[in-house]
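# Coordinate analysis (summary)
Listed below are the residues making up each chain.
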Amino acid sequence: MTTIYDEQFVQRLKRGVESLISEWGASPQAQVKLLTLSENATFIVEDPTFKFCTKTEGPNRFIVRVHRPDYHSEAEIRSELEWIQALKASQLVTTPAPLLRHKAPAHEDPFIARFDDHGASRYVVAFEFMPGSEPSTDDDLTAGFETLGAISARLHQHSRQWPLPDGFVRKRWDFTSAFGDTPLWGDWKAAAGLDQDGKQVLQQLLNVLQQRLADYGDGADRFGLIHTDLRLANLLVQGDQLAVIDFDDAGFSWFMYDFASAISFFEDSPQVPQLQQAWLRGYRRVRELAPEHEAMLPDFIMFRRMLLTAWVASHAETETAAEAGHERYTQGTVALAKAYLQAHAAEVSEA
């Protein structure tokens, strides 16, 4: 599949970013460099005169995210930034602050810029630069997952207590939005290498999963505003500090889904049971968690795995999908589904 993020397209986005960075206070000496590509394009701006962050070595920096078109509305992006600002004010979690556009036109949002890209409006936001590195699955992640469990609990605690601002809108991540007629991340049936037998296994999995999620319910004690994408790529480690970045997919879902997102793309690793126990220890240091919620973690792992299987199929051109291995990831999903169905054999016979 041909990637939309070819060199010509990236250069076009870079020029769009360059046309805007002065609104955040960057000087003509600033250099814009591509940082990451997934669905959004993320750039780093290095500027020796930039004054927001003065504690990092070398040029002062900030991060610019160019949103993919036709996914989030301006109101959804504004809502994401409102939650991040509330979290920063609460000091419950370490995360980069959104940057104010000091030179924004008076009629525009002070945090959200935009540029025209061949007739499409591309939303652009900026964040402070935060040093650190992504954890690796080759490392011992146990201590980090205990910290992440505590962070997750604080996020959940905050979202339950925080009065949503007027006009707040974020996507809802439930069974219908994931696997219904208009799935947010695409159709899992389009997964590479998925044969008829595999489709039957995954459909059977979804039948059981749908019923179990319906039985579990979406009451306020288990469902609310969460990060939804706490995978390793969205964590920054520096020393003994763990920061959370990229709230782009934050929305309304089950609290326990945040653990499932943390093991994205390595759900079948032998580390997972140990990491789950570490995450639960950290979580329970901050917030009570009844056994009924812990018991649903395998369900949310499969929910996330199926979502990612659909995502890899619909975003095959991305580096993340290529690293997961298109057919290999599908085959792994089918294997995990078979193990899940075996564990729920009684429910399978009723489905």
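Everything here concerns the structure above.
What counts and how
Here the residue numbering is sequential within each chain, running from 1 through the sequence in written order. For this predicted model, a pLDDT threshold of at least 70 governs which residues receive local features, and a threshold of 80 or more governs which side-chain atom pairs are given and counted, while totals over whole chains, interfaces and linings are taken from all residues. Excluded from the side-chain calculations are hydrogens and water; all other atoms, namely the structure's heavy atoms, are used. Put simply, DSSP H or I for four residues or longer makes a helix, DSSP E for two residues or longer makes a strand, and each gets a number counted from the N terminus. When we talk radius of gyration, it's over C-alpha atoms, and the globule rule is simply 2.2 Å times the number of residues to the 0.38. We call two residues contacting when some pair of their heavy atoms lies within 4.5 Å. Throughout, the Shrake-Rupley method with a 1.4 Å probe supplies accessible areas, and for residues the shown protein chains are the sole cover considered. Positive: Lys, Arg. Negative: Asp, Glu. His and the chain ends are not part of the count. Where a charge lies is defined by one atom per residue type, namely NZ (Lys), CZ (Arg), CG (Asp) and CD (Glu). Side-chain rings of Phe, Tyr and Trp, where Trp is taken by its six-membered ring, are said to pair if the distance between their centres is within 6.5 Å; with planes under 30 degrees apart they count as stacked, over 60 as edge-to-face, and otherwise as tilted. Accessibility here uses a 1.4 Å probe with only protein chains present; expressed as a share of the type maximum, an area under 20% marks a residue as buried, one over 50% as exposed, and anything in between as partly exposed. Each ring is checked for a lysine NZ or an arginine CZ that lies within 6 Å of its centre and within 35 degrees of its normal; such an atom marks a charge sitting over the ring.

Helix and strand counts for the protein chain come out as twelve helices and nine strands. For 351 residues, the compact-globule estimate of 2.2 N^0.38 gives 20 Å, and the protein chain sits close to it at 21 Å. Overall, the C-alpha framework of the protein chain stretches about 65 × 45 × 40 Å when taken along its three principal axes. Put simply, 75% of the contacts in the protein chain that link residues at least 6 apart link residues at least 24 apart. When the accessible surface of the protein chain is summed, it comes to about 16000 Å², and 49% of that surface belongs to carbon and sulfur atoms. On the protein chain, the mean spot of the 33 positive side-chain charges and the mean spot of the 50 negative ones are 4 Å from each other.

All right, on to the packing of aromatic side chains then. Inspection of every chain in the model, using the stated rule, returns 16 aromatic pairs. With a centroid separation of 5.3 Å and an interplanar angle of 40°, the aromatic rings of Trp-254 and Phe-300 are classed as tilted. Pair noted here: Trp-254 is in strand S9 (residues 251–254) and Phe-300 is in helix H9 (residues 297–314), with a separation of 46 residues, a long-range link. Assigned by exposure class, Trp-254 and Phe-300 land together as buried. A connected cluster of aromatic rings, assembled from ring pairs, spans Phe-175, Phe-179, Tyr-216, Phe-223, Trp-254, Tyr-257, Phe-300 and Phe-303. Looking at Lys-171, its charged tip hangs above the ring of Tyr-71, at a distance of 4.6 Å from the centre. A cation over a ring is seen here: Arg-222 above Tyr-216, with NZ or CZ 4.6 Å from the ring centre.

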